[in-house]
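# A look at the structure
The lines below spell out each chain.
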Amino acid sequence: MLQHIAEVCLQLDEYERNEIASCFCLRVLRITAPVWLSTEDEGLAGVAFDIYQWYVKVLFGKRIAAGKESASDAVMIAFANLLQVVLEHHPRYATDRLPSSRTSLLQILRLGNDGGRTSDGHNKNDKSQLLEYNNVSFNITSALLTLFEGYVITEHQAVFDDIVDCLPPDPSRKENIAVQLYLLGQMGCRWRTVLRQAAYHIFETVANASTSTLIAKRVCEQLCAQSGIHRLPELFRLFASQVFYTWLEPGPNKESGAVTAMPFAMFDYNSLVTMLTDNKDEIVAQLSMRQSTQQGQALAQLLDTGWPDLVTSSFSLCLAYAIAQDVTVYHASQEPGIIELSLRSCIDDAMFLSQSRSSLANVVALLVLHLTDDKGIDKALAHSPQFKTASTALQSILQKSSSDVEHPARQDPSYKPKYLPQMLAKSCQLCNMTLESLWSPALLTWVYRLVLDDATPSLGPLHVASVVRKLRIVVAL
């Protein structure tokens, strides 16, 4: 049957470029894929491979490379559906002779980046071509989501980035934006390993194209429904640290994360002031960490208060970030670090000491929570003379039960576990305390509660497991 279809649909001139014939051929190949992908019959496998190879090399390879018009949207969708089945049953099919199914699928998504091309190599920018491309992008979403199934969770970020790189490049066209937001939302709904990245890209898309706010809001509502989140502001608070961290990061293609330019309506906030007030601790702490004086003053003016008052009211998180940044970046374990000195410049020494002592339990919990993961913590404790007992306790816990499964990294800002002993020592130093007197029953109970509160079910079981690992560190300490 496959041999006859190949001879009729691919070898006869009148059908070789016929949309209906190609779609029929691809659908038959897709329906029979579970058979020819696993058969030991060399004849059947060979015929199926020849058809598959023809579409990969000729229709989506040589013609595009030669500047000829690519296949119609119906043919590309049919081929994408075939690739989805191949990815599900045999992800590495024919990779020794052809581009992988993943590469071919991403190529289909990328085809519209030039707005289509005519046989003389010129771009076709008419509305019909734009709609045709967006039709393809929309209809192959299910196939694109299949890509993640072939990779361990630590590789999901790379897969996500590859898909994002192939998305429509022109943010001025509403159709492109709608497709991009829809695909980002679907990836976030299906794979919680990239939910954080999807949420930020949706946020950034709205920042670059404010006309997409309503579409983005609808996508965020779908993310909430899928993740069990009741209100849009809760979704933003869930990823606020990562959103602010990436937004405030200076870059070549954006102003250094202007606080006043942040979009807010997509998360159901009625004003920028409302959003910043709702997430005041995080934005103040990150601006303090970056020593963004100008941004801090702009925020204070926006919230109608003074910058020192903002630092004082958000002191716990400000101090936690200051300690972590000074120890991990500036390696200031004993002497005052750059960020600490910046904090001290906002309040007097007596107030700084008082706030440090009253915030110590929060700071310790935050330092543990903002560890990237738990890799290397056992070695870090073993190499620190003051943490020998903690090292022994952790080894005892790990010997009874442990797992090597890798978990998604903590949202930024995050810090390597090997610096935890130094950060805890620095916390005690600022309060004029010793490490031996740190773990009082009251402080330990408070730290346990804050760590457990971070186990948000909306982020999935792997996130909860990562919180349990951090709780294990606290138990050992």
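Inspection of every chain in the model, using the stated rule, returns 14 salt bridges. Arg190 is the salt-bridge partner of Glu149, the closest N and O atoms lying 2.7 Å from each other. Within this pair, whereas Glu149 is found in the loop between helix 9 (141–146) and helix 10 (156–165), its partner Arg190 is found in helix 11 (residues 174–190), the two being separated by 41 residues in sequence. The shortest N-O distance in the salt bridge between Asp278 and Arg237 comes to 2.5 Å. With a gap of 41 residues between them, Asp278 in helix 15 (residues 272–278) and Arg237 in helix 14 (residues 232–248) connect regions that are remote in the sequence. Residue Asp278 is classed as partly exposed on the basis of its relative accessible area, which comes to 33%. One connected set of salt bridges, linked through shared partners, spans Glu340, Arg344, Asp349 and Lys426.

Glancing now at the side chain of Gln411. With respect to the secondary-structure elements, Gln411 resides in the loop between helix 24 (388–400) and helix 25 (420–430). You can call Gln411 buried: its relative accessible area is 11%. At 2.9 Å, the side chain of Gln411 and the backbone oxygen of Leu238 are in polar contact. A polar contact of 3.5 Å, which involves the side chain of Gln411, links it to the side chain of Ser241. Residues within four places of Gln411 in sequence aside, it is in contact with Arg196, Leu238, Phe239, Ser241 and Gln242.

Overall, the coordinates contain 13 aromatic pairs when judged by the stated rule. Ring geometry for Phe236 against Tyr269: centres 6.1 Å apart, planes inclined by 85 degrees, an arrangement best described as edge-to-face. In this pair, Phe236 sits in helix 14 while Tyr269 sits in the loop between helix 14 and helix 15, placing the two residues 33 residues apart along the sequence. Each member of the pair Phe236 and Tyr269 is classed as buried. Between Arg97 and the ring centre of Phe49, over which it is positioned, the NZ or CZ distance is 4.1 Å. Above the ring of Tyr245, the side-chain terminus of Arg290 is found at 4.8 Å from the ring centroid.

Side chains of residues three or four places apart in an α-helix project in the same direction, reflecting 3.6 residues per turn. For helix 12 (residues 195–208), with 14 residues, the first-to-last C-alpha span of 20 Å sits near the 20 Å given by 1.5 Å per residue. Of all the 14 residues making up helix 12, 10 are buried; the element is thus mostly covered by neighbouring parts of the structure. Within helix 12, burial applies to Leu195, Arg196, Gln197, Ala198, Ala199, Tyr200, Ile202, Phe203, Thr205 and Val206. In this structure, the buried residues of helix 12 make contact with helix 10, helix 11, helix 13 (213–227) and helix 14.

Before going further, it helps to examine the side chain of Arg102. Relative to the helices and strands, Arg102 resides in helix 7 (residues 101–110). Residue classification places Arg102 among the buried residues on the basis of a relative accessible area of 19%. With sequence-adjacent residues up to four places away left out, Arg102 is seen in contact with Leu87, Leu147, Tyr151, Ala158, Val159 and Asp162.

Below, the discussion takes up the environment of Leu29. With respect to the element layout, Leu29 can be found in helix 3 (residues 19–31). Here Leu29 falls in the buried class, since its relative accessible area comes to 0%. Between the C-alpha atoms of Leu29 and Tyr52, which are 23 residues apart in sequence, the distance is 8.2 Å. With residues near it in sequence (within four places) discarded, Leu29 still touches Leu2, Trp36, Ala48, Ile51, Tyr52 and Leu82.

A few words now on the environment of Val464. Note on placement: Val464 falls in helix 27 (residues 461–476). C-alpha of Val464 to C-alpha of Asp454: the two residues are 10 residues apart in sequence and 8.1 Å apart in space. In this view, Val464 contacts Ala455 and Thr456; residues no more than four positions away in its chain are not counted.

So, how was this worked out
Residues numbered from 1 in each chain as written. Predicted model: local features only at pLDDT ≥ 70, side-chain atom pairs only at ≥ 80, totals over all residues. Heavy atoms only, no water. Salt bridge = Lys/Arg side-chain N within 4 Å of Asp/Glu carboxyl O. Helix = DSSP H or I, 4+ residues; strand = E, 2+ residues; numbered from the N terminus. Buried < 20%, exposed > 50% of the residue type's maximum accessible area, 1.4 Å probe, protein only. Polar contact = N/O pair within 3.5 Å; in protein donor to acceptor, adjacent residues only side chain to side chain. Contact = heavy atoms within 4.5 Å. Phe/Tyr/Trp six-rings, centres within 6.5 Å; stacked < 30°, edge-to-face > 60°. Lys NZ or Arg CZ within 6 Å of the ring centre and 35° of its normal. Expected span 1.5 Å × (residues − 1).

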